[in-house]
Amino acid sequence: MDKAALSTTARSLVAKGKGILAADESTPTIKKRFDSIQVESTAENRGAYRELLFTTAGVEEFISGVILFEETLRQTASDGTAFPRLLADRGIIPGIKVDMGAKPMAGFPGEKITEGLDGLRERLSTYRELGARFAKWRAVITIAHALPTPANILANAHALARYAALCQEAGLVPIVEPEVLMDGAHTIERCDTVTARTLQSVFEELFRFQVALEGILLKPNMVISGLDCPVQADVEEVARRTVACFQKVVPAAVPGVVFLSGGQSARIATAHLNAMNALGDQPWELSFSYGRALQEDPLKTWRGDAAHTQAAQQAFYHRAQCNGAARYGEYSEAMENAVT
Ligand code: 13P
């Protein structure tokens, strides 16, 4: 394992002012996104949409890397350039989603375990040849009355650690994503407890499997009120609790924390990241790896019409720029209003 190379890649992904675009929606997920704008989910339309995002002028100032779905890793832009090459030529690091999805966990109703370890070593070597330099694996933890169970947290943490070890062996930086879902009526306190317990278990397994922490990135949820909780914590409280939770359970050797947006609106996701960075320096970079929070606006603007490409690229650039400012704690409402 080349620890120095892994650490260099991980640090580049959380370079100052930059973060990651998650554009790795699986075929069923991108179909849902396209259904919402009444666009048919064909390979051609998926390629055109992703080309629009990846060719947005100037976005490399704020976007350090892009997570791709396997189909996109193998697709080419309209000028025949392979997408990983197109990104790398712009100084954007190509990454790849490698899990095979979260499936119902046998014997544990309401809980999921992420699959995809079998044959992963071989797939990782192919992905590296195709240009990927980092990977992502998402585990899902559900909060409900008696959930999550210790067995579910352990099974997911174990799988994340085995995935991370395989990635490092293959020379890919693993993004370790244990997502505690926002769904439910639970309070922010409950999210705090479950997030801390989950992260503690994840780092215990990473340690057990000898994963080099300086060569990973953590992609967690923020500590936030459940979507249906009658009392919603404000931006300052989310920032304060999230940072305090991580100070207790995320080792300082981890170069960066790249948050998922998880269903937060685009502006709130930016405001939360901004408020955390405004709290001052932490042992790790606090950055973003947003899917919906970066793509919602460009997707709605595009609506499958090539005539809207430029406007959609402007919308994408704007969100990337706002999140770039949030990396320094310098985002403000005024930045939103400045857009025409
Ligand atoms: P969201 O930001 O839409 O949650 O997506 C991030 C992601 O990559 C989830 O795995």
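**Overview of the pairing of strand β7 (residues 173-180)**
Alright, step 1. Among the eight residues in β7, eight count as buried, and that is most of the element.
Alright, step 2. Neither face of β7 is left uncovered, since the one carrying Val173, Ile175, Glu177 and Glu179 and the one carrying Pro174, Val176, Pro178 and Val180 both have all their residues buried.
Alright, step 3. As paired strands, strand β6 (residues 134-141) and β7 are joined by eight bridges and run parallel to one another. Bridge pairing in β7 places arginine 138 opposite glutamate 177.
Alright, step 4. Regarding topology, helix α7 (residues 150-169) serves as the crossover connection from β6 to the parallel β7, and that connection is right-handed.
Alright, step 5. Relative to strand β8 (residues 217-218), β7 runs parallel, the two sharing two bridges. The residue bridging isoleucine 175 from the neighbouring strand is leucine 217, located in β8.
Alright, step 6. Handedness of the β-α-β unit built from β7, helix α8 (residues 188-208) and β8 comes out right-handed.

**Quick notes on the packing of helix α2 (residues 27-35) against helix α3 (residues 43-54)**
Alright, step 1. Following both chains from N to C, one finds α2 and α3 inclined at 75°, their axes separated by 12 Å at the closest point. As summarised for this structure, α2 and α3 are arranged roughly perpendicular, according to the angle between their axes. For the pair α2 and α3, contact is made by Thr27, Ile30 and Phe34 and by Asn45, Arg46, Tyr49 and Arg50, respectively.
Alright, step 2. Tallied by class, residues from the contact of α2 with α3 come to three nonpolar, two polar and two charged.

**Some points on the site of the ligand**
Alright, step 1. Around the ligand sit 13 residues, and of these Lys136, Lys219, Ser261, Gly262 and Arg292 come closest.
Alright, step 2. Interatomic distance of 2.5 Å between a side-chain N/O atom of serine 261 and an oxygen atom of the ligand.
Alright, step 3. One nitrogen or oxygen atom from the side chain of arginine 292 is found 2.7 Å from an oxygen atom belonging to the ligand.
Alright, step 4. Residues of the shell around the ligand, tallied by class, amount to three nonpolar, four polar and six charged.

**Side note on the packing of aromatic side chains**
Alright, step 1. Tallying each qualifying case throughout the model produces nine aromatic pairs.
Alright, step 2. Ring geometry for phenylalanine 34 versus tryptophan 302: centroids 5.7 Å apart, planes at 55°, classification tilted. Here phenylalanine 34 is found in helix α2, whereas its partner tryptophan 302 is found in helix α11 (residues 292-302), with 268 residues between them in sequence.
Alright, step 3. On the basis of relative accessibility, which here comes to 0%, the residue phenylalanine 34 falls in the buried class.
Alright, step 4. With 5.5 Å between their ring centres and 75° between their planes, phenylalanine 62 and tyrosine 317 make a pair best called edge-to-face. Of the two residues, phenylalanine 62 sits in the loop between α3 and β2 (63-68) while tyrosine 317 sits in helix α12 (residues 309-326), which places them 255 residues apart along the sequence.
Alright, step 5. The class for phenylalanine 62 is buried, based on a relative accessible area of 8%.
Alright, step 6. Following the ring pairs from residue to residue traces out a cluster consisting of Phe34, Tyr49 and Trp302.

Analysis parameters
Residues numbered from 1 in each chain as written. Predicted model: local features only at pLDDT ≥ 70, side-chain atom pairs only at ≥ 80, totals over all residues. Heavy atoms only, no water. Buried < 20%, exposed > 50% of the residue type's maximum accessible area, 1.4 Å probe, protein only. Helix = DSSP H or I, 4+ residues; strand = E, 2+ residues; numbered from the N terminus. Pairing = 2+ DSSP bridges. Right-handed = clockwise from strand over helix to strand, strands pointing away. Axes fitted to C-alpha atoms, helices over the stretch in contact; angles between N-to-C directions. Parallel < 35°, antiparallel > 145°, perpendicular 65-115°, else oblique. Contact = heavy atoms within 4.5 Å. Nonpolar A, V, L, I, M, F, W, Y, C, P; charged D, E, K, R; others polar. Near = heavy atom within 4 Å. Polar contact = N/O pair within 3.5 Å; in protein donor to acceptor, adjacent residues only side chain to side chain. Phe/Tyr/Trp six-rings, centres within 6.5 Å; stacked < 30°, edge-to-face > 60°.

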